[in-house]
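Summary of the model geometry
Below, each chain spelled out in residue letters.
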Amino acid sequence: MSKLSLPRPAPDESATSYHGYISEVPGELIGKYLVEQLHELERLMAPLDDTAARARYAEGKWSVKEVLGHLTDAERIFAYRLMRIARGDATPLPGFDENAYVPAGDFDARPLASLVGEFRALRLSTIALVDGLPPEGWERRGQASGASISARALAYIIVGHVAHHAGVLRERYRLSSAPDAVATP
């Protein structure tokens, strides 16, 4: 279990568009939340087969598989930004269009187990990254999507983004956790 705890980022540490994700984070135990979210997503996906995971809660909305693919894409990008900024790289980092990435990912064609496994591998990598950062790395700021952002804010955004979408999966897709489907990192 990761023991990383980070003070909440100040409002000027990210663009206002990310404040909603940051507000989804209940406290400062970022390491704990990263691990718990991995288990929660695995539990949410456990009862589904590939057909059920292609379900959409409304016309034009992403399928469960596409939501999971989006979470993986976004985490990969946010973690990459976090690493670059924490290492002191001042190169401005571009934005990305999740609405273009999801169709290009063709997530519905992949087995659900493959998507869950990819998210798991990536989340474990994210945990290793944040656990290995020196304290001064968390204070560093850089540019991403045309705005100033701190490494600390990115850690909160990673957790908050998954929290947001897990809520959508529970509320709009009516998914509930399978209690016996907990894996350990």
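Computed from a prediction, not measured in an experiment: that's the story for all the values here.

Rules used throughout
- Residues numbered from 1 in each chain as written.
- Predicted model: local features only at pLDDT ≥ 70, side-chain atom pairs only at ≥ 80, totals over all residues.
- Heavy atoms only, no water.
- Axes fitted to C-alpha atoms, helices over the stretch in contact; angles between N-to-C directions.
- Helix = DSSP H or I, 4+ residues; strand = E, 2+ residues; numbered from the N terminus.
- Parallel < 35°, antiparallel > 145°, perpendicular 65-115°, else oblique.
- Left-handed = near helix turned anticlockwise from the far one by under 90°.
- Contact = heavy atoms within 4.5 Å.
- Polar contact = N/O pair within 3.5 Å; in protein donor to acceptor, adjacent residues only side chain to side chain.
- Buried < 20%, exposed > 50% of the residue type's maximum accessible area, 1.4 Å probe, protein only.
- Pairing = 2+ DSSP bridges.
- Core = buried A, V, L, I, M, F, W, Y, C linked by side-chain atoms within 4.5 Å.
- Phe/Tyr/Trp six-rings, centres within 6.5 Å; stacked < 30°, edge-to-face > 60°.

Another point: the packing of helix 3 (residues 64-86) against helix 5 (residues 112-132). At a minimum axis distance of 10 Å, the contact between helix 3 and helix 5 shows a crossing angle of 20°. As far as their axial angle goes, helix 5 and helix 3 are roughly parallel. Seen from above, helix 3 lies across helix 5 with left-handed handedness. Side by side, helix 3 and helix 5 meet where Lys65, Leu68, Leu71, Thr72, Glu75, Arg76, Ala79, Leu82 and Met83 of the first sit next to Leu112, Leu115, Val116, Glu118, Phe119, Leu122, Arg123, Thr126, Leu129 and Val130 of the second.

On to helix 4 (residues 98-105), then. Given 3.6 residues per turn, any residue in an α-helix points the same way as the ones three and four places further on. The N-terminus of helix 4 is capped by Asp97, whose side-chain oxygen sits 2.9 Å from the backbone nitrogen of Asn99. Among the residues trailing helix 4, Asp106 stands out with phi positive, at a value near 45°.

A few words on the pairing of strand 1 (residues 141-144). Of the two faces of strand 1, the one holding Gly142 and Ala144 is buried and the one holding Arg141 and Gln143 is not buried anywhere. Sheet topology note: the strand 1/strand 2 (residues 147-150) ladder contains four bridges and is antiparallel. From the neighbouring strand, Arg141 faces strand 2, where its bridge partner is Ser150. Hairpin remark: strand 1 followed by strand 2, antiparallel, with two residues in the connecting loop; positive phi at Ser145, about 55°.

This brings us to the nonpolar core. Counting 31 residues, the largest nonpolar core has Ile30, Leu82, Trp138 and Ile149 as its most contacted members. Every element with two or more residues in this core is listed here: helix 2 (30-45), helix 3, helix 5 and helix 6 (151-171). The element that contributes the greatest number of residues to this core is helix 6, accounting for eight residues. If we skip the residues at most four places from it in the chain, Ile149 touches Glu13, Ser14, Tyr18, Ile85, Arg140, Arg141, Gly142, Ala144, Leu154 and Ile157.

Here the focus is the packing of aromatic side chains. For the structure shown, the criterion picks out four aromatic pairs. Ring geometry for Phe78 against Phe96: centres 6.2 Å apart, planes inclined by 70°, an arrangement best described as edge-to-face. Of the two residues, Phe78 is situated in helix 3 and Phe96 in the loop between helix 3 and helix 4; the sequence distance between them amounts to 18 residues. Judged by centre distance (5.4 Å) and plane angle (55°), the rings of Phe96 and Tyr101 are tilted. Taken together, the ring pairs connect Tyr18, Phe78, Phe96 and Tyr101 into an aromatic cluster.

Another point: unusual backbone geometry. Of note in this structure, Asp106 is not a glycine but carries a positive phi near 45°. The backbone of Ser145 sits at a positive phi, close to 55°, despite the residue not being glycine. Structurally, Ser145 can be placed in the loop between strand 1 and strand 2.

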